[in-house]
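# Structural features, examined
Okay, here's what each chain looks like letter by letter:
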Amino acid sequence: MNHICYYHSPLGTILLASDGSRLTGLWFENQKYYGNKLDKDAKEADLPLFWETKQWLDVYFSGSEPDFLPPIHLTGTDFQKKVWEILMGIPYGKTMTYKEIADRVAKKQGKERMGARAVGSAVGHNPISIIVPCHRVIGAGGNLTGYAGGLDRKRALLSLEQGLSEKAAQS
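Thresholds, definitions, all that
- Residues numbered from 1 in each chain as written.
- Predicted model: local features only at pLDDT ≥ 70, side-chain atom pairs only at ≥ 80, totals over all residues.
- Heavy atoms only, no water.
- Buried < 20%, exposed > 50% of the residue type's maximum accessible area, 1.4 Å probe, protein only.
- Helix = DSSP H or I, 4+ residues; strand = E, 2+ residues; numbered from the N terminus.
- Pairing = 2+ DSSP bridges.
- Arc of directions from axis to C-beta.
- Salt bridge = Lys/Arg side-chain N within 4 Å of Asp/Glu carboxyl O.
- Core = buried A, V, L, I, M, F, W, Y, C linked by side-chain atoms within 4.5 Å.
- Contact = heavy atoms within 4.5 Å.

## So, the pairing of strand S1 (residues 3-9)
Within S1, five of the seven residues are buried, which leaves it mostly tucked inside the rest of the structure. Judged from the seven bridges that link them, S1 and strand S2 (residues 12-18) form a sheet pairing that is antiparallel. Within the sheet, the bridge partner assigned to Ser9 lies in S2 and is Gly12. The hairpin turn running from S1 into S2, its antiparallel successor, is two residues long. Pairing analysis gives two bridges linking S1 to strand S4 (residues 43-44), with the strands arranged parallel. When the sheet's bridge partners are listed, Ile4 is paired in S4 with Glu44.

Given below as C-alpha cells:
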C-alpha cells in the first residue's frame, strides 16, 4: 500500500508518495504522469519519511543545497534507472543535455550511440522530481525543453539553484 502526503512549495502543491519506508514519488500537482504509480488505496499518512522529505524540500526551497537525502526507491525499467542514476550525478546548479546523457548511457551499454529521445522519455517519467533532478536536463544549445512539471517551474528551479551557485562563487 502507498502512503501519501502533500507539501506546499513556493511553486505549487507537491504530492509525496511512500511505500512506508522509502520515498517512491514526488510530483507537482497536476504535472504530467502525476501520481501514476500510486495504488488506488493510497492513504494520507504522517510518516517520519515525509517529515524528512519536507525538511529536504524546505532546505532546497530556501536556496540551499540539502546535505542529506531521504531514502528513495525508484521503480522503472533498467534503461530508466540508468538514466535516473546519471540525473542523480548532475551537480546542484549545473545542467546536462539529453545528448550528453544519451552518450553516457550508450557508453555504459557498450553502444556507439543512443537516441536523445529515449533519454527524454526516461527523464520525463522520473517519479521523484527535484530530488532526482530531471529539471537539470536541457536541450542542445541550452534550450529549456521538456519538464513534466512545466517549463515555468523548470526555469524557477534552475534559477533557484544557480542563485546559490553564484553566491558561493562570490564568497
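The discussion continues.
## Details of the environment of Lys82
Mapped onto the elements of the fold, Lys82 is located in helix H2 (residues 78-88). Classification of Lys82 by relative accessible area gives partly exposed; the value is 29%. A C-alpha to C-alpha distance of 9.4 Å links Lys82 and Arg104, two positions 22 residues apart in sequence.

## Regarding helix H3 (residues 98-108)
Three or more residues of H3 are buried, namely Tyr98, Ile101, Ala102, Val105 and Ala106. Buried residues of H3, seen end-on, are gathered within an arc of 135 degrees and therefore sit on one face of the element. Turned more than 90 degrees from where H3 packs its buried face, Lys99 and Lys107 sit exposed.

## A look at the pattern of salt bridges
A full pass over the atoms with the stated rule returns five salt bridges. Between Glu85 and Lys108 there is a salt bridge, with the nearest N and O atoms lying 3.2 Å from each other. A residue pair is termed long-range when its members are at least 10 positions apart, and Glu85 in helix H2 and Lys108 in helix H3 qualify at 23 residues. As a salt-bridge pair, Arg136 and Glu161 come within 2.8 Å of each other at their nearest N and O atoms. Taken as a pair, Arg136 in the loop between helix H4 (116-124) and strand S6 (137-138) and Glu161 in helix H5 (residues 151-170) lie far apart in primary sequence, 25 residues in all. Judged by its relative accessible area of 7%, Arg136 falls in the buried class.

## Section: H2
Of all the positions in H2, only Gln80, Val83, Trp84, Ile86 and Leu87 are classed as buried. Seen from one end, H2 has its buried residues packed into an arc of 155 degrees, which puts them on one side. The exposed residues of H2 that point more than 90 degrees off its buried face are Asp78 and Glu85.

## Observations concerning the nonpolar core
Grouped together as the largest cluster of nonpolar side chains are 39 residues, with contacts concentrated most on Leu26, Leu87, Ile101 and Ile130. Looking at this core, the elements that each hand over two or more residues are S1, S2, strand S3 (23-28), helix H1 (48-61), H2, H3 and H4. Setting aside residues no more than four positions away along its own chain, Ile130 makes contact with Ile14, Leu26, Phe28, Trp56, Leu57, Tyr60, Phe61, His135, Tyr147 and Leu157. Formed by five residues, the second largest nonpolar core is a distinct cluster that contains Leu15, Ala17, Trp27 and Ala42.

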